Amino acid sequence: MDARKLIAEARKQGRAALDEAAGKQLLAVYGIAVPKSVVVPGAADVEAVFKQLTAPVVIKVMSPDILHKSDAGGVSVGIGSAAAASTAIQEMMARPAIGAARIDGFLIEEMARGGQEVVIGGVHDPNFGPLVMVGLGGIFVEVLADVTFRICPIERRDAEDMLDELKGAAVLKGVRGRKPVSREAIVNALLRIGGEGGLLMDLAADIQEADINPLIVSESGAVAVDARFLLTKK
Ligand code: ADP
Ligand code: MG
C-alpha cells in the first residue's frame, strides 16, 4: 500500500484522522514494525481470524468517535480463542460509550511481547513545520511530561541526544533487574518518523499530528501497537 493512497482514501471518506489499521499500514510503509492484524465487522466474524493470527491477540474497537479506546472499554488483551474474541466484542458493544459511537469494525492483532513502552509523536507547527517528539510511556509522559522535541528533519545524532535528554533515560538501560531495551530500535524509529525522507517530512502537507503510543521496545526491536494520525485541514 502506498502512503498517499492511504491518505487519499481517508480524505475521500471525509475523515479527520486515519483509522488505526490505516495508521499502522502507513507506519509499515515507513519501515516501522506493527503487529500482524485483521479487521472484522463484528463478533460473528472472528472464527477465521485465529487461522491467520497467532494467539494471544488484542481486540480493539475502531471508531472515529473514540479517541482513547481503553477509557471507553474498547481494548481487550490476551484473548486466546475465537470464542473469547466473540465474547469480548459483544461486551464492548454493550458499553455505553461504544454503543453510542460510529463503529468501523474491530481490529484484532497479535500481542507484542513485553518491553518498555515509548511514545513517539509529531506535530505540524505553523512556524517551524514538522516537529518530532519522544518520551517514555505511562506515567513518564502522562504525569511527569518527560518528553523532548526537535524540528525535523533530525539526524541520528539528534535522535540519540533526544533519548539522553529524557529524565527517565535510565529505564532504557534496565532497572531493578530488567534487561536493557534496544536503544538502536528507538533511534531507528525516530529517524523513520522524523528524519530526512521520514514520514513527517514526506507527508508534511497531510499530517497535522502523529501519535505512536505506545511503541513497545524489547531487547532486540520495537513494535508500534497504537497509531493515530490527524490529517491537516484542506
Ligand atoms: P488506547 O486508545 O487506549 O491508547 P492502545 O491501542 O494504546 O489503546 O491499547 C492500550 C494498551 O494496551 C497499550 O498502551 C498497550 O499497553 C496495550 N496493547 C495494545 N495493543 C497491544 C499489542 N498488540 N500488544 C501488546 N500490548 C498491547
Ligand atoms: Mg494508545
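Refer to the structure printed above.
Residue positions within a chain follow its written sequence, with the count starting from 1. Note on labels: chains are lettered from A, ligands numbered from 1, in written order. Two thresholds apply to this predicted model, a pLDDT of at least 70 for residue-level local features and 80 or more for giving and counting side-chain atom pairs, whereas whole-chain, interface and lining totals are computed over all residues. Only heavy atoms go into the side-chain values, all of them from the structure, while hydrogens and water stay out.

Undergrad: What's the story with the side chain of threonine 232 in this structure? I'm lost.
TA: Within the element layout of this structure, threonine 232 appears in the segment after strand E10 (227-231). Taking the relative accessible area as the measure of exposure, threonine 232 reaches 11% and is therefore buried. We call two residues in contact whenever any of their non-hydrogen atoms come within 4.5 Å of each other. Setting aside residues no more than four positions away along its own chain, threonine 232 makes contact with Arg11, Ala204, Ala205, Asp206, Ile207 and Gln208. Think of it this way: any DSSP run of H or I at least four residues long counts as a helix, any run of E at least two long counts as a strand, and we number them from the N terminus. Only protein chains enter the accessibility calculation, which uses a 1.4 Å probe; a residue is then buried when its area is under 20% of its type maximum, exposed when over 50%, and partly exposed in between.

Undergrad: Would you take a moment to explain the packing of helix H7 (residues 156-165) against helix H8 (residues 183-194) for this structure?
TA: In helix packing, the relevant descriptors are the interaxial angle and the interaxial distance, both defined with respect to the helix axes. In this analysis, axes come from line fits to C-alpha atoms, helices being fitted only over the stretch in contact, and the angle between any two N-to-C directions falls in the range 0 to 180 degrees. Packing of H7 against H8 leaves a shortest axis separation of 9 Å and a crossing angle of 120 degrees. Overall, the two elements H7 and H8 adopt an arrangement that is oblique. Like other packed secondary-structure pairs, H7 and H8 cross with a definite hand, here right-handed. For the pair H7 and H8, the contacting residues are Arg156, Ala159, Glu160, Leu163 and Asp164 in the first and Arg183, Glu184, Ile186, Val187, Asn188, Leu190 and Leu191 in the second. Every angle not falling under 35 degrees, over 145, or within 65 to 115 is termed oblique; those three ranges are roughly parallel, roughly antiparallel and roughly perpendicular. Note on convention: the crossing is left-handed when the near helix lies turned anticlockwise from the far helix by less than a right angle, right-handed when the turn is clockwise.

Undergrad: Would you explain the sheet that holds strand E3 (residues 75-79) in this entry?
TA: What links the strands of a sheet is backbone hydrogen bonding, and the strands pair in either a parallel or an antiparallel sense. Pairing in this open sheet of 4 strands is antiparallel, and the strands run E1-E4-E2-E3 from one edge to the other. In this open sheet, the two edge strands, each paired with only one partner strand, are strand E1 (37-40) and E3. Averaged over all pairs of adjacent strands, the angle between their axes in this sheet comes to 20 degrees, without regard to strand direction. We treat two strands as partners when DSSP finds at least two bridges between them. Note: E1 against strand E4 (residues 105-110), 4 bridges, orientation antiparallel. When the sheet's bridge partners are listed, serine 37 is paired in E4 with glutamate 109. Against the sheet, helix H2 (residues 20-29) contacts E1, strand E2 (57-62) and E4, and its axis sits at roughly 40 degrees relative to E4. Across the sheet, helix H4 (residues 82-93) touches E1, E2, E3 and E4, and the angle it forms with E3 is around 165 degrees.

Undergrad: What should I look at first to understand empty space enclosed by the protein in this one?
TA: A cavity here means a set of points on a 1 Å grid, drawn over the protein atoms and nothing else, where a 1.4 Å probe fits but cannot get out; a pocket is an open set with protein on both sides within 12 Å along at least five of seven lines, and a residue lines either one if it has an atom within 4 Å of a point. Grid points are joined across faces, edges and corners, and a volume is the space filled by probe spheres set on the points. Scanning all chains against the criterion turns up 1 cavity of 30 Å³ or more. Quantified by volume, the largest cavity comes out at close to 30 Å³. Around the largest cavity, the lining residues are Gly122, Val123, His124, Pro130, Leu200, Leu203, Ala204, Ile207 and Gln208. Going through the elements one at a time, strand E5 (116-125) and strand E8 (207-217) are the ones with two or more residues in the lining of the largest cavity. Among the elements that make up the lining of the largest cavity, the one with the highest residue count is E5 (3 residues). Classifying every residue of the lining of the largest cavity gives 6 nonpolar, 3 polar and no charged. Here the nonpolar group is Ala, Val, Leu, Ile, Met, Phe, Trp, Tyr, Cys and Pro; Asp, Glu, Lys and Arg are the charged ones; every other residue, Gly included, is treated as polar.

Undergrad: I'm lost on the pattern of salt bridges in this one. Help?
TA: It is possible for side chains of opposite charge to pair when their charged atoms get near one another. Salt bridge criterion: a side-chain nitrogen from Lys or Arg within 4 Å of a carboxyl oxygen from Asp or Glu. Applying the stated criterion to the full structure yields 16 salt bridges. The salt bridge partner of arginine 11 is aspartate 206, with a shortest N-O separation of 3.0 Å. You can see arginine 11 sitting in helix H1 (residues 3-12) and its partner aspartate 206 sitting in the loop between helix H9 (199-202) and E8, a full 195 residues away along the chain. Residue classification places arginine 11 among the partly exposed positions, given a relative accessible area of 25%. Judged by its relative accessible area of 9%, aspartate 206 falls in the buried class. For lysine 60, the salt bridge identified is with glutamate 109, shortest N-O distance 3.2 Å.

Undergrad: How do you make sense of H1 when you look at a structure like this?
TA: Owing to its 3.6 residues per turn, the α-helix aligns residues three or four sequence positions apart on the same side. All buried positions along H1 are accounted for by Ala3, Leu6, Ile7 and Ala10. Taken end-on, H1 shows its buried residues confined to a sector of 95 degrees, consistent with a single buried face. Across from the buried face of H1, at angles greater than 90 degrees, the exposed residues are Lys5 and Lys12. Among the structural elements, H2, E8 and E10 are those in contact with the buried residues of H1. As used in this structure description, the phrase polar contact means that two N or O atoms lie within 3.5 Å; if the pair is within protein, one of them must be able to donate a hydrogen and the other to accept it, and residues adjacent in sequence are counted only when both atoms belong to side chains. Measuring from the side-chain oxygen of the N-cap residue of H1 to the backbone nitrogen of arginine 4 gives 2.9 Å; that N-cap residue is aspartate 2. Glycine 14 occupies a position one or two residues after H1 and carries a positive phi of about 75 degrees. The arc refers to the directions leading from the helix axis to the C-beta atoms.

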